[in-house]
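Structural features, examined
What follows is each chain in one-letter form.
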Amino acid sequence: MAHLGSRRGRALALPVGLALTASLGFLPSGAASAADLSDAPAAAVATNGPKLSYVVNVAGGRWTAASVKKAIAAAGGEVVISYDQIGVIVVHSQNPEFAKTIRQARGVVSAGSTRTAPLSVQTDTSVDEGAQTLSAAEAKAAAANATDAQDPLEPLQWDLPAIKADKAHQKTLGSKRVTVAVIDTGVDDTHPDLAPNFDVKASANCVTGKPDTTAGSWRPNPGESDHGTHVAGTIAAAKNGVGITGVAPGVKVSGIKVSTPDGFFYTEAVVCGFMWAAEQGVEITNNSYYTDPWMFACKNDEDQKALIEAVTRATRYAERKGTVNVAAAGNSKFDLAADSIVDNSSPNDTTPGDRVIDPKECLDYPAMLPGVVTVSATGAKDLKASYSNYGLGVIDIAAPGGDRTEYQTPDAPAVNGRILSTTVNGGYNYKAGTSMASPHAAGVLALIKSTHPYASPAALKALLYAQADDRACTNPYDIEGDGKIDAVCEGGKNKNGFYGAGLIDALDAVRR
């Protein structure tokens, strides 16, 4: 589901809507080897089941993929698109035995349904967890406090000085040769703070698993989540005398829409998002979501194993093409390094049930995939945010994601402990979540890439971690102030379960 607060508590953003406004053609993907529908004849197979989407992961090269496509047709499958670069084929089928059948085909490594609800089913269960309004008086006060070097609402952005971004901007705003792709619910590129920096060529709609570059297809439709628009503003809102300022206000930002109208992020869309970014030469992707319908996908399940494999192949391919992938750690207060976790929200597109999972075998992806930068959230007092997942060896780095104001109150003139950023229809609102932390890290990586234009993804990540400000464990951790320990941090000052390598540092990113 879109990372709005929901009945499942799965959201990577905990929005507290705070708006200044009242409103809350396929082209080639750039992947020369992307193939369209197979013309192989289908055999007489069962087609009376619900229409589902599948990913089929194959071994070998293009010849193997061609052979598997014939087997897919024989099993009653219709190829939507084939990413031959990574051996992942997206398929639709109404054969209830499709996955079981295709797994027997020569060259197939794994295959699984990407959802438990039929393609035609849509159920919107997302709800806002409280709404607040930024009054005209508060906005006016912020503008009165702004210096000549600040945008009007920048005094409300406590998160920028927290990572020394305000000082970094005195040296550079970042390079327009660097693009950060927001793989999310869509980006409203008409926003006056985003339009100057928006990269149309690197934007697309990947919801079906097949990229659509129709103009504006990457935008959220009316009534859809503003989550991706908020994330984009944190990364690269222009320093243009309007609204807020992004962490890297001189770089480009693109929108890759991967969530359905009702807010589900399915595997085929996520694979498409990474592949599109890679083929467009995007330097950094931000991923503030987990891949539905499983909060944790388990390798000992035939379907779930295939989903992990498909997205892993896509993230690795993107990194080989020069992209650093950044992801939010999650908002469930889980210790991702624990021996076991109770997941009571999966599958979220039909009927969830309680299950005990081992996070070493069952992954929140893409955040827990190899090579992906996993970001936990801090609040205005530099403490782990109350909701943020954590875990020694899992969290790579920490960044401001905001928290309840009563838990971590910012210094004046800021008035809200959440993160202020852009929303649809030219507005601004506050949200909190690891969804808001991740784009801060992506923005700092964009500044590092601007400073070191020839650095590889591995070098960029190494610089991000080396330049981070050390944060020792916060023990005892009683963020609610009720005398009960809310979490236990393990590790030392240089690497621990709450903050990873430390808090991101935008100033070091532009001077080292």
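Rules used in this analysis
- Residues numbered from 1 in each chain as written.
- Predicted model: local features only at pLDDT ≥ 70, side-chain atom pairs only at ≥ 80, totals over all residues.
- Heavy atoms only, no water.
- Salt bridge = Lys/Arg side-chain N within 4 Å of Asp/Glu carboxyl O.
- Helix = DSSP H or I, 4+ residues; strand = E, 2+ residues; numbered from the N terminus.
- Buried < 20%, exposed > 50% of the residue type's maximum accessible area, 1.4 Å probe, protein only.
- pLDDT = per-residue confidence, 0-100.
- Contact = heavy atoms within 4.5 Å.
- Axes fitted to C-alpha atoms, helices over the stretch in contact; angles between N-to-C directions.
- Parallel < 35°, antiparallel > 145°, perpendicular 65-115°, else oblique.
- Nonpolar A, V, L, I, M, F, W, Y, C, P; charged D, E, K, R; others polar.

In this section: the pattern of salt bridges. Applying the stated criterion to the full structure yields 20 salt bridges. Its salt-bridge partner being Glu279, residue Lys321 comes within 3.7 Å of it at the nearest N-O pair. In this pair, Lys321 is assigned in the loop between helix H8 (302-320) and strand E11 (324-328) and Glu279 in helix H7 (residues 267-279), connecting sequence segments 42 residues apart. We classify Lys321 as partly exposed; its relative accessible area is 44%.

Another point: the confidence of the model for the chain. Put simply, the chain has an average pLDDT of 89, and 88% of its residues get 70 or more. Long-range and interchain partners of residues 1-11, a stretch whose pLDDT sits below 50, account for 59 contacts in this model, where long-range means more than four residues apart. Here residues 122-131 is modelled with pLDDT under 50, and outside its nearest four sequence neighbours on either side it reaches 29 contacts, counting other chains as well.

Moving on, we get to the packing of H7 against H8. Two elements in contact, H7 and H8, have axes whose closest approach is 8 Å; the angle formed by their N-to-C orientations is 10°. Regarding the angle of H7 to H8, the classification is roughly parallel. From H7, Thr267, Val270, Val271, Phe274, Met275, Ala278 and Glu279 reach across to H8, where they touch Leu307, Ala310, Val311, Ala314, Thr315, Tyr317 and Ala318. For the contact of H7 with H8, the per-class residue count stands at 11 nonpolar, 2 polar and 1 charged.

Let's shift gears to unusual backbone geometry. Residue Pro366 follows Tyr365 across a cis peptide bond; omega there is 15°. Topologically, Pro366 is positioned in the loop between strand E14 (362-363) and strand E15 (373-378). Look at Lys164: it is not a glycine, yet its phi comes out positive at around 65°. Within the secondary structure, Lys164 is located in the loop between helix H4 (159-162) and helix H5 (165-168). A residue is classified by how much of its surface remains accessible, and Lys164, at 25% relative accessible area, is partly exposed.

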